[in-house]
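Residue strings, one per chain:
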Amino acid sequence: MNSGVTAERVYDALKRRLLSGDLLPGERLEPARFAAELTSSVTPVRDALNRLEGERLVETRASEGFHLPLVAEPMLRDLYQWNAALLRLVARSWRAAPHGTRANALPVDLGRAVPAFFALFAARSDNREHEAQIAAANDRLAIARVAEAATLDALEDELRGLAVAFDQDSLPGLLRSVDRYHRRRLIAAPKILRALYDPRPRQ
C-alpha cells in the first residue's frame, strides 16, 4: 500500500476513534497500541497524533507522550461560546442561499446530524475559511456532544427545530434558536462535564 494512503487511513481512523467519546479526557494515547489496532507500523500513528496535536485534539506532556486533552468547565463553556459566536459571524456573511443548502435532509444518526447541520452554515458562505473553522469547532466539541446525549433530553426534537429555523425562519429568528441551543448547554455544562468523565459505556 502506498505510504501516503496508509498515512491518511491511519489519520482518519485514529481521528474517528478520538472523537467517538470512547476514551476519557486526559487518557494516555499509546502509539504502539493504536498501531496494532490499525494494523500499521508505529510511524504513521505518531505522525497522525502529531497532526491531531496541531488540530488541538491531542496534547503532549513532557516525558509523558500523547494524551487526550483534559476538559475543565471554563474550557467547555468557552468552546460553546466560541461555536455560537462563530455561527453568528458566518450567518451574517451569507448571501442568498445556494440551491440545495437546506437542513431538511440531515443524517438520521444524531452524532452525524449535529456537525452536518452546523456545516450547512459554512456551505451558505462564500468564504472557505468559514468551512475550516466550523469543521474545527465540530471536532473539538465532538466528545462533549457524546456526553450531551447522556445529559440532555429531546435532542432530536431540538435539532429538528433548528433545521426548520434554518430552512424557513428569518436570520434573526434562526440566530435566536442558535443562541437558545448554546444557552442550554452553558447552563448544563457541569452535568455534561460529569458525563464526559463517566467511564461507564455510553449508548
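The following paragraphs examine the structure supplied in this document. (Residues numbered from 1 in each chain as written. Predicted model: local features only at pLDDT ≥ 70, side-chain atom pairs only at ≥ 80, totals over all residues. Heavy atoms only, no water.)

## Considering the pattern of salt bridges
Here the structure, examined in full by the defined rule, presents 16 salt bridges. In this structure, the salt-bridge partner of Asp139 is Lys15, at a minimum N-O distance of 2.8 Å. Of the two residues, Asp139 sits in helix 6 (residues 128–140) while Lys15 sits in helix 1 (residues 3–19), which places them 124 residues apart along the sequence. Between Asp157 and Arg160 there is a salt bridge, with its nearest N and O atoms 2.7 Å apart. Of this pair, Asp157 and Arg160 both sit in helix 8 (residues 155–168), separated by three residues, roughly a single helical turn. Here Arg160 falls in the partly exposed class, since its relative accessible area comes to 49%. (Salt bridge = Lys/Arg side-chain N within 4 Å of Asp/Glu carboxyl O. Helix = DSSP H or I, 4+ residues; strand = E, 2+ residues; numbered from the N terminus. Buried < 20%, exposed > 50% of the residue type's maximum accessible area, 1.4 Å probe, protein only.)

## Notes on the packing of aromatic side chains
Evaluated as defined, the whole model comprises eight aromatic pairs. With centroids separated by 5.5 Å and ring planes inclined at 55°, the aromatic side chains of Phe121 and Phe166 adopt a geometry described as tilted. On the criterion of sequence distance, the pair formed by Phe121 in helix 5 (residues 110–123) and Phe166 in helix 8 is long-range, its members being 45 residues apart. Taking the relative accessible area as the measure of exposure, Phe166 reaches 2% and is therefore buried. Members of the aromatic cluster, joined through ring pairs, are Trp94, Phe117, Phe118, Phe121, Phe166 and Tyr181. Over the ring of Trp94 we find Arg124; its NZ or CZ atom is 4.3 Å from the centre of that ring. (Phe/Tyr/Trp six-rings, centres within 6.5 Å; stacked < 30°, edge-to-face > 60°. Lys NZ or Arg CZ within 6 Å of the ring centre and 35° of its normal.)

## Focus on the environment of Phe66
Checked against the element boundaries, Phe66 lands in strand 3 (residues 65–67). Excluding anything up to four places from it in sequence, Phe66 contacts Glu27, Arg28, Leu29, Pro31, Arg46, Leu49, Asn50, Val58, Glu59 and Thr60. (Contact = heavy atoms within 4.5 Å.)

## With respect to the nonpolar core
Judged by nonpolar contacts, the single largest core of 24 residues is most densely connected at Trp94, Phe117, Phe118, Phe121, Ile134, Phe166 and Leu174. If one sorts the elements of this core by residue count, helix 5 sits on top with seven residues. (Core = buried A, V, L, I, M, F, W, Y, C linked by side-chain atoms within 4.5 Å.)

## Examining helix 5
When the terminal C-alpha atoms of helix 5 are compared, their 20 Å separation across 14 residues agrees well with the 20 Å that a helix rising 1.5 Å per residue should span. Packed against the buried residues of helix 5 are helix 4 (73–91), helix 6, helix 7 (142–149), helix 8 and helix 9 (171–187). (Expected span 1.5 Å × (residues − 1).)

## Quick look at the sheet that holds strand 3
If you walk across this open sheet you meet the three strands as 1-3-2, and the pairing is antiparallel. Each having just a single partner strand, strand 1 (28–29) and strand 2 (59–61) make up the two edges of the open sheet. Two strands pair when backbone bridges link them, and strand 2 and strand 3 are joined in this way by three bridges, in the antiparallel orientation. Counted as the bridge partner of Arg61 is Gly65 from strand 3. (Pairing = 2+ DSSP bridges.)

The analysis is restricted to geometry; functional conclusions fall outside its scope.
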